Amino acid sequence: MSRYVVTGAAGFIGSQLAEALQDAGHDVTGVDCFTDFYDAAEKERNARGLDVRRVDLADEQLELDGVDGVFHLAAQAGVRSFGDVFPTYVRRNLLASQRVFEACAQAGVRVVFASSSSIYGETETYPTPEDAEPRPISPYGITKLGCEHLARAYGSAFGLDAVVLRYFTVYGPRQRPDMFFRRVCDALRTGGSFEIFGSGEQSRSFTYVGDAVDATIAAMQRAEPGAVFNVGGGEEASMLEAIALLERLSGRALDVRHTGNAKGDVSRTSADVSRIAAALGWRPRTSLEDGLARMWSWASATVAAG
Ligand SMILES: NC(=O)c1ccc[n+]([C@@H]2O[C@H](COP(=O)([O-])OP(=O)(O)OC[C@H]3O[C@@H](n4cnc5c(N)ncnc54)[C@H](O)[C@@H]3O)[C@@H](O)[C@H]2O)c1
């Protein structure tokens, strides 16, 4: 049994990571400041059954006495990050992560950092391996890449033991309300129209949340210090294909309207997961159809119940 801290523990992925660690018998302390990026009531529901302390990592101290490892998932997520919201991204991503890395380096504790496929931007290689040149096209991706560099700098200057995971579009129960599948589920549930950015031909390596959680725990327990891994789903699908799948699973039809392209959104992501498969034996196991079925059953029941 180990003692772990999970930051962002009231969030979509962090809450399910904390539960999986707890179910495996570990001692888990969650940290989250319940930002208002989306309804705090959802975060309260996510955090039920977990010990989540209200700490704002951008200016409060992270206590690490007796802790064996930190999963750092707290962040301002979402690629729509140009304009007035930019200082929030700097504060919740760069500033908060710098303080987490500083604390972990001082305490000699491993940190697994949740980075993003957004650091690749419009890359030239698909599927994209970890050594592709990063060319983020959103301020969000730029802050995440900055955090990766910070982790490396703390590694060489102060011996920080950091492992970086680049998640590719994670989905499943509790997905954030701003994310694509969640918006589709909400529109299918309420019968409203659905606005899709661009043609809908954009494609993603969609990753089921349970698979992302397994990769994250494996990275803490077995990765080499300094390792960087893609964590991506096995099947790439376009937005329109995914909508068709959700329509079939729900037995409902969606009234889709097309709007202009969203700035900062890439046209394609595709994860090369051979590195993490070789190093940790991790592979995505959940098909898009099974994952979406679980997500629809959650979205149609839990969210509707409030
Ligand atoms: N969901 C995805 O598809 C995806 C893809 C790539 C990377 N990621 C990364 O994975 C992590 C988790 O994402 P998520 O989708 O679960 O997001 P989320 O917004 O549901 O969770 C993030 C949590 O961090 C908390 N937080 C933000 N700033 C904080 C601060 N200063 N101090 C304490 N808590 C703070 C928020 O309140 C929130 O509950 C993030 O780092 C995100 O950038 C997510």
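Shown above is the structure to which this text applies.
Let me sum up the structure you'll find in this document. All residue numbers here refer to positions counted from 1 along the written sequence of the relevant chain. Per-residue local features are limited, in this predicted model, to residues with pLDDT of at least 70; the limit for side-chain atom pairs, both in listing and counting, is 80 or more; totals at the level of whole chains, interfaces and linings are taken over all residues. Think of the side-chain values as coming from all heavy atoms in the structure, minus any hydrogens and water.

Strands are runs of DSSP state E lasting at least 2 residues, helices are runs of H or I lasting at least 4, and numbering of each runs from the N terminus. By this rule the span expected of a helix is its residue count minus one, scaled by 1.5 Å. For helix α4 (residues 139-158), with 20 residues, the first-to-last C-alpha span of 28 Å sits near the 28 Å given by 1.5 Å per residue. Summary of the burial criterion: residues with accessible area below 20% of their type's maximum are buried, those above 50% are exposed, and those between are partly exposed, where the area comes from a 1.4 Å probe applied to protein chains only. Of all the residues in α4, the buried ones are Pro139, Tyr140, Gly141, Thr143, Lys144, Leu145, Cys147, Glu148, Ala151 and Tyr154. Buried residues along α4 sit in contact with α3 (86-107), β5 (110-116) and β6 (162-167). In the segment just after α4, Gly159 is the residue with positive phi, at about 70 degrees. The contact criterion used throughout is that any non-hydrogen atoms of two residues lie within 4.5 Å.

The next subject is the pattern of salt bridges. Think of a salt bridge as a Lys or Arg side-chain nitrogen and an Asp or Glu carboxyl oxygen that are within 4 Å of each other. The final tally for this structure, using the stated rule, is 21 salt bridges. One salt bridge in this structure joins Asp265 and Arg204, with 3.7 Å as the shortest N-O distance. Residue Asp265 is located in the loop between β13 (255-259) and α8 (274-280), and its partner Arg204 is located in strand β9 (residues 203-205); the two are separated by 61 residues in the primary sequence. With a relative accessible area of 22%, Asp265 lands in the partly exposed category. Between Arg257 and Asp255 there is a salt bridge; the shortest N-O distance is 2.9 Å. Exposure remark for Arg257: the relative accessible area of 44% places this residue in the partly exposed category.

Along the chain, Gln106 turns up in helix α3. Residue class for Gln106 comes out exposed when judged on its relative accessible area of 64%. For Gln106 and Val228, which are 122 residues apart along the polypeptide, the C-alpha to C-alpha distance reads 22 Å.

Note on definitions. A residue lies near a molecule or strand when any single heavy atom of the residue is within 4 Å of it. Near the ligand, the surroundings consist of 29 residues, among which Asp32, Tyr38, Tyr140, Val170 and Arg176 are the closest. Contacts described as polar in this section are N or O atom pairs within 3.5 Å, which, within protein, must combine one atom able to donate a hydrogen with one able to accept it, while residues neighboring in sequence count only if both atoms come from side chains. In this structure, a nitrogen atom belonging to the ligand sits 3.5 Å away from a main-chain N or O atom of Val55. Here a nitrogen atom of the ligand and a side-chain polar atom of Asp56 are 2.9 Å apart. Elements supplying a minimum of two residues to the shell around the ligand: α1 (12-23), β5 and α4.

Further remarks concern the sheet that holds β6. At least two DSSP bridges between two strands are needed for those strands to be called paired. The strand order across the open sheet built from 7 strands is β3-β2-β1-β4-β5-β6-β11, with neighbouring strands paired in parallel fashion. Of all the strands in the sheet, just β3 (52-54) and β11 (228-231) have a single pairing partner and so form its edges. Across the sheet, the mean angle separating the axes of adjacent strands is 20 degrees when strand polarity is ignored. Here 3 bridges tie strand β2 (residues 27-32) to β3, and the two strands are oriented parallel to one another. Paired with Asp32 across the bridge in β3 is Arg54. Interaxial angles span 0 to 180 degrees and are taken between N-to-C directions of axes, which are lines fitted to C-alpha atoms, for helices over the stretch in contact.

Within the fold, Ser203 resides in strand β9. Here the side chain of Ser203 touches Glu236 through a polar contact of 2.6 Å, side chain to side chain. Ignoring sequence-local partners within four residues, the contact set of Ser203 consists of Glu236, Ala237, Ser238, Ser267, Arg268 and Thr269.

Let us now look at the packing of α3 against α4. Helices that pack against each other are described as a pair by the angle of their axes relative to one another and the distance between those axes. The interhelical angle for the contact between α3 and α4, taken along N-to-C directions, is 20 degrees, at an axis separation of 10 Å. When the axes of α3 and α4 are compared, the pair comes out roughly parallel. For α3 against α4, the interelement crossing comes out right-handed. Across the interface between the two elements, Phe86, Tyr89, Val90, Asn93, Leu94, Ser97, Gln98, Phe101, Glu102 and Ala105 of α3 pack against Pro139, Tyr140, Thr143, Gly146, Cys147, Leu150, Ala151, Tyr154 and Phe158 of α4. Here the nonpolar group is Ala, Val, Leu, Ile, Met, Phe, Trp, Tyr, Cys and Pro; Asp, Glu, Lys and Arg are the charged ones; every other residue, Gly included, is treated as polar. Counted by class, the contact of α3 with α4 contains 13 nonpolar, 5 polar and 1 charged residues. Should an angle fall under 35 degrees it is taken as roughly parallel, and over 145 as roughly antiparallel, whereas 65 to 115 is taken as roughly perpendicular and any remaining angle as oblique. What makes a crossing left-handed is the near helix being turned counterclockwise from the far one by less than a right angle; a clockwise turn instead makes it right-handed.

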